[in-house]
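Each chain, letter by letter, is given below.
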Amino acid sequence: MKQKIVTGITATGKLTLGNYIGAIKNLINLQDQYDLFIFVADLHALTTYIDPEQLRKNKKDIFALYLACGLDPEKVTLFFQSDISAHSELNWIITSITNMGELSRMTQFKDKTQNIVKQENGTETIPVGLFVYPSLMSADIILYNPTYVSVGIDQKQHLELCQKLVKRLNKKYNLNFNEPKPLISKIGSKIKSLQDPFLKMSKSDKNENSSIYLLDDPEKAYKKIQKAVTDGENKIYISEDKPGILNLLTIFASLKDITLEEAEQHFKNKNYKDLKEEVGILVKNFLESIQKKYKKTLEQIETISKIGKERASKIANENLLNIKKAFGLK
Ligand code: ATP
Ligand code: MG
């Protein structure tokens, strides 16, 4: 039997090139060898307010883009998180064995609450969903009892908490779930914002110029690359001190399927203008090819998500039942 991998993308916004390079691309390469469970995390999108129409659109786009990027529904199980009620049900059970201290230490929670503004009377409104996000993420994983979870480096801390919770679950309730191991792509696990290369590219970033969206007008995407923040040196080489250049090199290497060192070599005697031109053209061509397929895959969502729902609920419900029995709920 093939080993299982679970992964998801939150439906908070439009998919970015960071999501593709750091997450989706990896899955395409893994779909032959592993049994992949891939979902659109629509429940996770509720942790901060999202317009319902927007959420509906994001969900569909992400699903269709997964397919357009090359995931084969014959090989992988592709579904919407909220189609399977076991996610919400196990979430409560897992939340109940998670400690406040564990959740308070999560850097994503700290980062995401930093921008929440105090109202005039001094109160801050922090949605509890944002705080308990890692518990739901753990439930999402445990339901499929995978060997691996494919994540970007930004989710590593959440996965470590999930491992801890699995250990607790197994020990306290005499269960035997796998402690899921992270699967992080070697190249491009953290694509940076084009406007501030010290931050990661994020689909919830408010500045449209920071991210390349997979559904961006390709010409506009080209222009965003030309405007990317770099540094004043005009020499191209790999260095952590040159995050803007490193980011463009990483995008180039990933889309060309070459190593970072090969990309560095390619641009050895060239300047920043050349780099931006080549990366811009590459990104533009890439988006054109994805978007052509996306138009077709949009029409396949209903059929494929129904099959995905059936396959995923079967295994999710089995695991949920075992946990409910172990907790005395059954
Ligand atoms: P949000 O701002 O809503 O958190 P996001 O862009 O960070 O959106 P997620 O839904 O949190 O996207 O993550 C989806 C997947 O994409 C995860 O595996 C995550 O690690 C990966 N990922 C997200 N951003 C990047 C990035 N900039 N570079 C590489 N991988 C990324
Ligand atoms: Mg994120």
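Residues numbered from 1 in each chain as written. Chains lettered and ligands numbered in written order. Predicted model: local features only at pLDDT ≥ 70, side-chain atom pairs only at ≥ 80, totals over all residues. Heavy atoms only, no water.

Novice: Hey, could you run me through the environment of Thr95 in this one?
Specialist: In this structure, Thr95 sits in helix H3 (residues 86-96). Exposure remark for Thr95: the relative accessible area of 19% places this residue in the buried category. When the C-alpha positions of Thr95 and Gln3 are compared, they lie 27 Å apart, and in sequence the two are 92 residues distant. (Helix = DSSP H or I, 4+ residues; strand = E, 2+ residues; numbered from the N terminus. Buried < 20%, exposed > 50% of the residue type's maximum accessible area, 1.4 Å probe, protein only.)

Novice: Teacher, can you tell me more about the packing of aromatic side chains here?
Specialist: What characterises a pair of aromatic rings is the spacing of the ring centres plus the angle enclosed by the ring planes. In total, this model carries nine aromatic pairs according to the counting rule given. An aromatic cluster is built from Phe37, Phe39, Phe79 and Tyr144, whose rings are joined through pairwise contacts. The ring of Tyr213 carries the charged tip of Lys14 above its face, separated from the ring centre by 4.2 Å. The ring of Phe80 carries the charged tip of Lys59 above its face, separated from the ring centre by 4.7 Å. (Phe/Tyr/Trp six-rings, centres within 6.5 Å; stacked < 30°, edge-to-face > 60°. Lys NZ or Arg CZ within 6 Å of the ring centre and 35° of its normal.)

Novice: I tried to follow the nonpolar core on my own but got confused; where do I start?
Specialist: It is characteristic of soluble globular proteins that their nonpolar side chains tend to be buried jointly. Leu17, Tyr66, Ile212, Leu214 and Val283 are the most contacted members of the largest nonpolar core, which totals 62 residues. Tallying contributions element by element places helix H11 (residues 272-297) first for this core, with nine residues. When residues are assigned to domains, this core turns out to be shared by domain 1 (4-189 + 300-327) and domain 2 (218-294), each giving three or more. If we ignore the near neighbours within four places in the chain, the residues touching Ile212 are Leu15, Thr16, Leu17, Leu194, Met201, Ala221, Lys224, Ile225, Val283 and Leu287. With 39 residues, the next largest nonpolar core counts Met137, Leu165, Val166 and Ile323 among its residues. (Core = buried A, V, L, I, M, F, W, Y, C linked by side-chain atoms within 4.5 Å. Domains from an automatic or database assignment. Contact = heavy atoms within 4.5 Å.)

Novice: Teacher, can you tell me more about H3 here?
Specialist: Residues three or four positions apart in an α-helix share a direction because the helix packs 3.6 residues into each turn. Taken together, the buried positions of H3 are Ala86, His87, Leu90, Ile93, Ile94 and Thr95. Those residues of H3 that are buried are in contact with strand S3 (77-80), helix H6 (128-142), helix H7 (156-173) and helix H12 (301-327).

Novice: So what exactly am I meant to see when it comes to the environment of Pro197 here?
Specialist: Mapped onto the elements, Pro197 comes out in the loop between strand S5 (181-183) and helix H8 (218-226). With relative accessibility at 7%, the residue Pro197 sits in the buried group. Each C-alpha atom of the pair Pro197 and Lys314 lies 43 Å from the other, and the pair is 117 residues apart in sequence. Beyond its immediate sequence surroundings of up to four residues, Pro197 is in contact with Lys192, Val229, Pro243 and Gly244.

Novice: Even after reading the chapter, I still don't get the domain arrangement of the protein, so can you show me in this structure?
Specialist: Interface size is commonly expressed as the accessible surface area that is lost when the partners come together. Along its sequence, the protein is carved into domain 1 (4-189 + 300-327) and domain 2 (218-294). Relative placement of domain 1 and domain 2: their C-alpha centres are 30 Å apart. The interface of domain 1 with domain 2 comprises eleven residues on the first partner and 13 residues on the second. In total, domain 1 and domain 2 occlude about 1000 Å² of area from one another, counting both sides; carbon and sulfur atoms represent 76% of this. The tally of links from domain 1 across to domain 2 stands at one salt bridge. Between Lys25 and Asp257 there is a salt bridge, with the nearest N and O atoms lying 2.8 Å from each other. Linking domain 1 with domain 2 are three residue pairs in polar contact (both at pLDDT 80 or more). Among the secondary structure elements, those contributing two or more residues to the side of domain 1 that touches domain 2 are helix H1 (17-30) and helix H2 (52-68). Looking at the side of domain 1 that touches domain 2 residue by residue, the classes come out as eight nonpolar, one polar and two charged. (Buried area = accessible area lost by both parts, 1.4 Å probe. Salt bridge = Lys/Arg side-chain N within 4 Å of Asp/Glu carboxyl O. Polar contact = N/O pair within 3.5 Å; in protein donor to acceptor, adjacent residues only side chain to side chain. Nonpolar A, V, L, I, M, F, W, Y, C, P; charged D, E, K, R; others polar.)

Novice: Sorry if this is basic, but what is going on with the packing of helix H5 (residues 107-114) against H6 here?
Specialist: Working note: a packed helix pair is described by the angle between its axes plus the distance between those axes. Close contact between H5 and H6 brings their axes to 9 Å; oriented N to C, the two are set at 160°. Our classification of the angle between H5 and H6 gives roughly antiparallel. When you trace H5 past H6, the crossing you get is right-handed. For the pair formed by H5 and H6, the contact residues are Gln108, Phe109, Lys112 and Thr113 on the first element and Leu130, Phe131 and Tyr133 on the second. Residues of the contact of H5 with H6, tallied by class, amount to four nonpolar, two polar and one charged. (Axes fitted to C-alpha atoms, helices over the stretch in contact; angles between N-to-C directions. Parallel < 35°, antiparallel > 145°, perpendicular 65-115°, else oblique. Left-handed = near helix turned anticlockwise from the far one by under 90°.)

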